[in-house]
Amino acid sequence: MKATGIVRRIDDLGRIVIPKEIRRTLRIRESDPLEIFTDKEGEIILKKYSPIGELGTFAKEYADSLAKSAGHITCIVDKDQIIAVSGGAKKEFMEKHISANLENMINTRNTHISNRSESDFVPILEDDDETIYNHELITPIISEGDVLGAIIMLSVDKKMGEVEGKLAQTAAGFLGKQLEQ
């Protein structure tokens with residue numbers, strides 16, 4: 001754990017303010033859910049809560065199935081990082097933070113298909129590696145009206161089309177329904 005040197009007092013309602021610099025760095029926004037953990041030494045740990053992250057093994061197996069069916073690298077992401085990867089490039093993607101542009105794209109609630117040469121191409125990671133993929137398909141996962149993440153398909157040389165779009169939309173719809181239960 002890393003000390004910040006920042007000290008805050010708890011108010012009479014038991015609240016504590018997380019400094020703006022920390023919220024900005026960790027991409028914590030108003031109304032974001034935080035999970036609270038404690039340890040034996042009396043430390044309190046706050047972690048951004050990810051409903052998609054709770055799917056863990058299921059998300060990994062679903063990504064495997066999609067990658068096998070579509071023949072593309074498949075990622076399942078929440079609004080912060082990549083939760084599951086299949087079809088290659090696991091080391092380059094797994095648990096990496098997504099780009100702010102991707103987060104904005106997910107929030108539009110629309111399926112997005114693009115090639116690297118097009119102006120509306122969205123880098124998946126904060127540190128985009130141009131050698132891993134040239135074609136992308138991004139479909140948001142929506143549960144109970146909230147955007148929680150996305151299904152992403154990536155390819156070096158194969159363009160994405162209507163079939164991949166329908167496959168990703170079906171997967172996103174299924175995962176959204178799983179999160180409602």
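Quick note: structure is the one above.
For the structure given in this document, a descriptive report is provided here. (Residues numbered from 1 in each chain as written. Predicted model: local features only at pLDDT ≥ 70, side-chain atom pairs only at ≥ 80, totals over all residues. Heavy atoms only, no water.)

1. With respect to the packing of helix H2 (residues 56-70) against helix H5 (residues 162-180)
Running from N to C, H2 and H5 point in directions that differ by 165 degrees, and their axes come no closer than 11 Å. If you check the angle between H2 and H5, you find them roughly antiparallel. Handedness of the crossing formed by H2 with H5: right-handed. Contacts between H2 and H5 involve Phe58, Tyr62, Leu66, Ser69 and Ala70 on the former and, on the latter, Leu167, Thr170, Ala171, Phe174, Leu175 and Gln178. Here the contact of H2 with H5 is composed, by residue class, of 8 nonpolar, 3 polar and no charged. (Axes fitted to C-alpha atoms, helices over the stretch in contact; angles between N-to-C directions. Helix = DSSP H or I, 4+ residues; strand = E, 2+ residues; numbered from the N terminus. Parallel < 35°, antiparallel > 145°, perpendicular 65-115°, else oblique. Left-handed = near helix turned anticlockwise from the far one by under 90°. Contact = heavy atoms within 4.5 Å. Nonpolar A, V, L, I, M, F, W, Y, C, P; charged D, E, K, R; others polar.)

2. Observations regarding the packing of aromatic side chains
Under the criterion given, the structure shown has 5 aromatic pairs. For the ring pair Phe58 and Tyr62, a centre distance of 5.9 Å and an interplane angle of 35 degrees mean the geometry is tilted. On the criterion of helical spacing, the pair formed by Phe58 and Tyr62 is a turn pair, its members being 4 residues apart in helix H2. Given a relative accessible area of 32%, Phe58 falls into the partly exposed group. Seen in terms of ring centroids, Phe58 and Phe174 are 6.0 Å apart; in terms of plane orientation they differ by 40 degrees. Their pairing is tilted. Residue Phe58 is found in helix H2, and its partner Phe174 is found in helix H5; the two are separated by 116 residues along the sequence. The exposure class assigned to Phe174 is partly exposed, which follows from its relative accessible area of 34%. Ring pairs connect the aromatic residues Phe58, Tyr62 and Phe174, which therefore count as one cluster. When the ring centre of Tyr133 is taken as origin, the NZ or CZ atom of Arg116, which lies over that ring, is 4.9 Å away. (Phe/Tyr/Trp six-rings, centres within 6.5 Å; stacked < 30°, edge-to-face > 60°. Buried < 20%, exposed > 50% of the residue type's maximum accessible area, 1.4 Å probe, protein only. Lys NZ or Arg CZ within 6 Å of the ring centre and 35° of its normal.)

3. Thoughts on the pattern of salt bridges
Counted by the stated rule, this structure contains 6 salt bridges. One salt bridge in this structure joins Glu103 and Arg27, with 2.9 Å as the shortest N-O distance. Separated by 76 residues along the polypeptide, Glu103 in helix H4 (residues 100-107) and Arg27 in the loop between helix H1 (20-26) and strand E1 (34-38) bring together distant segments of the chain. Put simply, Arg29 and Glu103 hold a salt bridge, and the shortest N to O gap is 2.7 Å. A residue pair is termed long-range when its members are at least 10 positions apart, and Arg29 in the loop between H1 and E1 and Glu103 in helix H4 qualify at 74 residues. Taking the relative accessible area as the measure of exposure, Arg29 reaches 39% and is therefore partly exposed. (Salt bridge = Lys/Arg side-chain N within 4 Å of Asp/Glu carboxyl O.)

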